[in-house]
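What follows is each chain in one-letter form.
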Protein chains: 2
Amino acid sequence: RPRREVLFFPSQVTCTEALLQQAPRAEPSASTTSSAGCLCSLPHGESALSRLLRALLAARVSLELCLFAFSSPQLGRAVQLLHQRGVRVRVVTDCDYMALNGSQIGLLRKAGIQVRHDQDLGYMHHKFAIVDKKVLITGSLNWTTQAIQNNRENVLIMEDEEYVRLFLEEFERIWEEFNPT
Amino acid sequence: RPRREVLFFPSQVTCTEALLQQAPRAEPSASTTSSAGCLCSLPHGESALSRLLRALLAARVSLELCLFAFSSPQLGRAVQLLHQRGVRVRVVTDCDYMALNGSQIGLLRKAGIQVRHDQDLGYMHHKFAIVDKKVLITGSLNWTTQAIQNNRENVLIMEDEEYVRLFLEEFERIWEEFNPT
Ligand SMILES: [Zn+2]
Ligand SMILES: [Zn+2]
């Protein structure tokens, strides 16, 4: 049965170290990563954030990100991990948010990840990700710690060919439009 | 086949008068409402906004709205129309946005529509609607003219029992939590 899930936020604050220190290309599973011997004082169970991280870290080939705001350090580390593992990561973001304090975009660029941003008046307000051209992750959540921990938000995780195709087309339109050359 | 659609914004600016002047409970159809003899200078074809209005105006029994920001006059009129037609409308919104200039929330309240809002620090950042407990409308779009006409946004329209159930549960949780009494 194709995956069809929704995460509601705010997320409980949990330790996500085990997920983010996963050896390259190892398959993360709840049993091996829920505690993994970490001694920090945070809870080590699942949370909305850990589920979102898990959905992203499942990428093996490609990850498209189309994000208004991206400042969550955990999500930033997840994206960098995927890049290090050889996943083709492409990021589209909004220029107004990009310059803000705490944005992950500068770090992603420094790590060699392709990022493009808009120049126009309207916001690039999407908040979606496409994993391996198979799973669409989309909703109201901006990728900021403030939103993850404090806001009422939703994120759909859908293995759905039709929606993936339509959102991938939107991504490619924006990717071309934001081509600086 | 259950409805599964996505609207991408920005929306072309089109005339939506024919849709919004629809006689009570008449079934809107593209053929009767696309021009309907209006002589204004705007285009009278379909647009992302007209499709969103149409999806909302299909409500016959109930409409739940869970919206961070609501200032679009057309969407406000659509919600008032539904209320006049006897549809049970309930609105949850964010208190920080509610006070802003141009918010539709005051008008909806004056019209007798039930509205509840949060009091806490985090944002009520959802942007979803549930039509007749059968169709979920959710995405990145705040219901503002600025977002509709200028931003890159997405709105999913899904006839999906499972998602409707999960979002309705979220709505009821928030509705109870924001109960002022
Ligand atoms: Zn820990
Ligand atoms: Zn007109």
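1. Quick look at the coordination of the zinc ion (ligand 2)
Residues and elements named next belong to chain B.
Move 1: Every protein donor of the zinc ion (ligand 2) is listed here as Cys15 (SG), Cys38 (SG), Cys40 (SG) and His44 (NE2), and their distances to the metal cover 2.1 to 2.4 Å.
Move 2: Each donor residue of the zinc ion (ligand 2) belongs to the same chain, with the gaps between them written as C-x22-C-x1-C-x3-H.
Move 3: Under the relative-accessibility criterion, Cys38 is labelled partly exposed at 29%.
Move 4: You can call His44 buried: its relative accessible area is 17%.

2. Examining the interface of chain B and chain A
Move 1: Residue-level contacts link 34 residues of chain B with 35 residues of chain A.
Move 2: Interface area lost by chain B to chain A is led by B:Phe8, B:Arg152 and B:Tyr163, which between them contribute 25%.
Move 3: Between the two partners, chain B and chain A, sit 8 salt bridges.
Move 4: The partner of A:Arg152 in a salt bridge is B:Glu170, with the nearest N and O atoms 3.7 Å apart.
Move 5: Where chain B meets chain A, there are 22 residue pairs in polar contact (both at pLDDT 80 or more).
Move 6: Taken together, the elements giving at least two residues each to the side of chain B that touches chain A come down to β1 (4-9), β5 (127-131), β6 (135-139), α7 (145-150), β7 (153-159) and α8 (161-177) of chain B.
Move 7: Grouping the constituent residues of the side of chain B that touches chain A by class yields 12 nonpolar, 11 polar and 11 charged.

3. With respect to the coordination of the zinc ion (ligand 1)
Ideal geometry at a metal gives 109.5 degrees between four tetrahedral donors and either 90 or 180 degrees between six octahedral ones.
Residue and element names in this part refer to chain A.
Move 1: For the zinc ion (ligand 1), every protein donor is listed as Cys15 (SG), Cys38 (SG), Cys40 (SG) and His44 (NE2), and the spread of their distances is 2.1 to 2.3 Å.
Move 2: Coordination at the zinc ion (ligand 1) comes from 4 donor atoms whose angles at the metal span 104 to 118 degrees, giving a geometry best classed as tetrahedral.
Move 3: Between consecutive donor residues of the zinc ion (ligand 1), the sequence gaps follow C-x22-C-x1-C-x3-H. With a gap of 25 residues between them, Cys15 in the loop between β1 (4-9) and α1 (17-20) and Cys40 in the loop between α2 (30-33) and α3 (48-57) connect regions that are remote in the sequence.
Move 4: Judged by relative accessible area, Cys40 falls into the partly exposed class, the value being 34%.

Procedures and definitions
- Residues numbered from 1 in each chain as written.
- Chains lettered and ligands numbered in written order.
- Predicted model: local features only at pLDDT ≥ 70, side-chain atom pairs only at ≥ 80, totals over all residues.
- Heavy atoms only, no water.
- Donors = N, O, S within 2.8 Å, 3.2 Å for Na, K, Ca; no water.
- Buried < 20%, exposed > 50% of the residue type's maximum accessible area, 1.4 Å probe, protein only.
- Contact = heavy atoms within 4.5 Å.
- Buried area = accessible area lost by both parts, 1.4 Å probe.
- Salt bridge = Lys/Arg side-chain N within 4 Å of Asp/Glu carboxyl O.
- Polar contact = N/O pair within 3.5 Å; in protein donor to acceptor, adjacent residues only side chain to side chain.
- Helix = DSSP H or I, 4+ residues; strand = E, 2+ residues; numbered from the N terminus.
- Nonpolar A, V, L, I, M, F, W, Y, C, P; charged D, E, K, R; others polar.
- Tetrahedral: all angles 85-135°; square planar, octahedral: opposite > 155°, others 65-115°.

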